[in-house]
Amino acid sequence: MSRNARAADDGSLAPETAAKAASARDALGERDGVLVAFSGGVDSAVVAALARDALGDDAVACTARSETLPAAELDDAKQVADEIGIDHETVTFSELDDPNFVANDGDRCYHCRTMRLGRMYETAKGLGIDTVCDGTNADDPGEGHRPGLRAVEELDVFSPLLDAGISKAEVRAIADAYDLSVADKPSMACLSSRIPTGLEVTEERLTRVEKAERVLREWGFSGFRVRDHDGLARVEIAPDELERALDPAFADAVHEHLTDLGFEYVTLDMAGYRTGSVSPGGEEESGSDGADDVANDDGDDEANDDGDDEANDDGDDEANDDGDDEANDDGDDEANDDGDESVGVDLGRSYPR
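All of these numbers come straight from a predicted model, not from anything done at the bench.

### With respect to the overall build of the protein
So, point 1. Looking only at helices and strands, the protein features eleven helices and seven strands.
So, point 2. Across the 353 residues that make up the protein, the buried fraction comes to 51%.
So, point 3. In the protein, once contacts between residues fewer than 6 apart in sequence are set aside, the share between residues at least 24 apart is 72%.
So, point 4. Per element, the accessible surface of the protein, about 16100 Å² overall, is 42% carbon and sulfur.

### Topic: the packing of aromatic side chains
So, point 1. For the coordinates displayed, the defined rule picks out two aromatic pairs.
So, point 2. Judged by centre distance (5.9 Å) and plane angle (75°), the ring pair of Trp219 and Phe250 falls under edge-to-face. In this pair, Trp219 sits in the loop between helix H9 (203–218) and strand E5 (224–229) while Phe250 sits in helix H11 (residues 248–260), placing the two residues 31 residues apart along the sequence. Here Trp219 matches Phe250 in class, with each residue buried.
So, point 3. The interplanar angle of 55° and the centroid separation of 5.3 Å between the aromatic rings of Phe221 and Phe250 together place this pair among those described as tilted. Note that Phe221 is positioned in the loop between H9 and E5 and Phe250 in helix H11, a separation of 29 residues in sequence. In this structure, Phe221 and Phe250 share a single accessibility class: buried.
So, point 4. Through a chain of ring-to-ring contacts, three or more aromatic side chains come together here, namely Trp219, Phe221 and Phe250.
So, point 5. If you follow Arg150 out to its NZ or CZ, it ends over the ring of Tyr110, 3.9 Å from the centre.
So, point 6. Looking at Arg244, its charged tip hangs above the ring of Phe221, at a distance of 3.9 Å from the centre.

### As for unusual backbone geometry
So, point 1. Although it is not a glycine, Asp156 sits at a positive phi angle of roughly 60°.
So, point 2. Within the secondary structure layout, Asp156 lies in the loop between helix H6 (147–154) and helix H7 (160–163).
So, point 3. The residue Asp230 is not glycine, and still its phi comes out positive at about 50°.
So, point 4. Along the chain, the position of Asp230 falls in the loop between E5 and strand E6 (232–237).
So, point 5. Residue classification places Asp230 among the partly exposed residues on the basis of a relative accessible area of 47%.

What counts, and at which threshold
Residues numbered from 1 in each chain as written. Predicted model: local features only at pLDDT ≥ 70, side-chain atom pairs only at ≥ 80, totals over all residues. Heavy atoms only, no water. Helix = DSSP H or I, 4+ residues; strand = E, 2+ residues; numbered from the N terminus. Buried < 20%, exposed > 50% of the residue type's maximum accessible area, 1.4 Å probe, protein only. Contact = heavy atoms within 4.5 Å. Areas by Shrake-Rupley, 256 points an atom, 1.4 Å probe, with all protein chains shown as cover. Phe/Tyr/Trp six-rings, centres within 6.5 Å; stacked < 30°, edge-to-face > 60°. Lys NZ or Arg CZ within 6 Å of the ring centre and 35° of its normal.

As structure tokens, then:
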């Protein structure tokens, strides 16, 4: 049993949520055994905890390793499986072996999920298990373009959270009742979601995105994405952390680090981090079984259409026309007029070189 077995019955959950959790657990208990497609995110962690409670050693968690899974996410998955006390398997495959995935069209997530779940079924069969389940929750089907869910339906994957009507908020409450470390963890989409639709997914692009995001994580940022627009890094920072990214020291350091990783240009998106910013419908597909962001519109960065930066048309920077910086006209910085620094901006913060 998990360390916090029967958390759904201990009185820590709202009655309706507890009833749904018990329903999902009982449905899992009706199976002879289950293999949970397990990313280590909060959705799959809750399914794994409920399955462990219901089936004991007949429940197994399985994580698929590939180029699109950040190494830190695999480490997290191992830790969470240990917290639950569930047997943890890993399988290795490469989405890059599928030309349909590499082409990165609007159905990239469908191709990815089909391969990933296919490996789950192979592993389950080897363990004598007939049922593969995932962490799709009741909110997922209504969140826009989700081609990965089509693969779940076609492969007859069991989704106990969806069947029990458990919403994302309730998933987090159940995870908290189990005292799981991922209860408040943000959804984490695979690395290929950082590459716009129509731009091929390559190991080089995946690697530099992973390394770039590792730098931001080490610097203490928690809500962010680094989008790879064919060599232009578009850095998105969550609105509540964006002010810190306006520090000139950060701008200097992030430019230095990301160009060292192979990006030609580094930009900060002033709209901040939002899911699916490179998606046709503005939606990001993320989930407990490694679901992916839906990628974006035709692979073009509007700020770099036809290879030209609108802010640098014909070689001239409009913000620096005739050598003058509008934000620093006559040598004065508007954000620092009369020697006053902008309130709250962490100026002079030191970033590792």
